[in-house]
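Structure assessment
Residue-level listing of the chains:
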Amino acid sequence: TSKWRQKDRHSMAEVHRILKEMYIGMAVCMIVFLAIGAFFMRPYYIFALALLVGNLGGALRIYHIYDVLDQALDMGEAGAKKKVIVNSLLRMIVTLALLVGSIFLGITAFAGVALGMIEPKICAYLQPKIRRILIRLGLEKPEEPVEPEQPSQEDDEPHFQTEDEE
């Protein structure tokens, strides 16, 4: 296998690890929100179901972003730009539909869906901390330090000639 294929495989493994850590963070956030909601939200079962729906929507949004960007990297610039924009609009429409739909069920449902949909933002900030906790618990291996590539001898020479050299 070429050096680039190995680097791609390493990068994809890192992306999958980050996705896993974000999903773990979302589950922890959901438990925290459920605990807090037990004191303040009535009817509680509506809040819990709405939070679950929002959480699933947020998790699907994260995966959809990853999937679209992965596909776009294999496309030309114009096609990739169009794909990213169209799919971003699709995610916005689905998010808006979930939020508007929850309004019809009341403020409790809206609060649950909104909290669930915002969890990916919270977990993106918490992901490095979640990683350190997982490493401390022995659930993940620490990253091996990557040594920077040494420049080759050829890089010291100019790659073009100036007018003076001709």
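Notes on the structure in this doc start here. (Residues numbered from 1 in each chain as written. Predicted model: local features only at pLDDT ≥ 70, side-chain atom pairs only at ≥ 80, totals over all residues. Heavy atoms only, no water.)

1. Considerations on the overall build of the protein chain
The helix and strand inventory of the protein chain stands at four helices and zero strands. Seen in sequence order, the protein chain has helices and strands lined up from the N terminus as α-α-α-α. Within the span of the protein chain, comprising 166 residues, buried residues form 26% of the whole. Contacts in the protein chain between residues at least 24 apart in sequence constitute 68% of all its contacts with a sequence separation of at least 6. Put simply, the protein chain shows about 12400 Å² of open surface, and 66% of that area lies on carbon and sulfur atoms. (Helix = DSSP H or I, 4+ residues; strand = E, 2+ residues; numbered from the N terminus. Buried < 20%, exposed > 50% of the residue type's maximum accessible area, 1.4 Å probe, protein only. Contact = heavy atoms within 4.5 Å. Areas by Shrake-Rupley, 256 points an atom, 1.4 Å probe, with all protein chains shown as cover.)

2. Some details on the nonpolar core
Core analysis: the largest hydrophobic core is formed by eleven residues, namely L19, M22, M26, C29, M30, F33, F47, L51, I62, Y66 and C123. Those elements that provide at least two residues to this core are helix 1 (3-40) and helix 2 (44-72). Here this core gets six residues from one element, more than from any other, and that element is helix 1. Beyond its immediate stretch of four places on either side in the chain, C123 contacts M22, G25, M26 and C29. Within the second largest apolar cluster, five residues are counted, among which are A50, L99, A109 and M117. (Core = buried A, V, L, I, M, F, W, Y, C linked by side-chain atoms within 4.5 Å.)

Without other data, these values stay purely geometric and don't point to any function.
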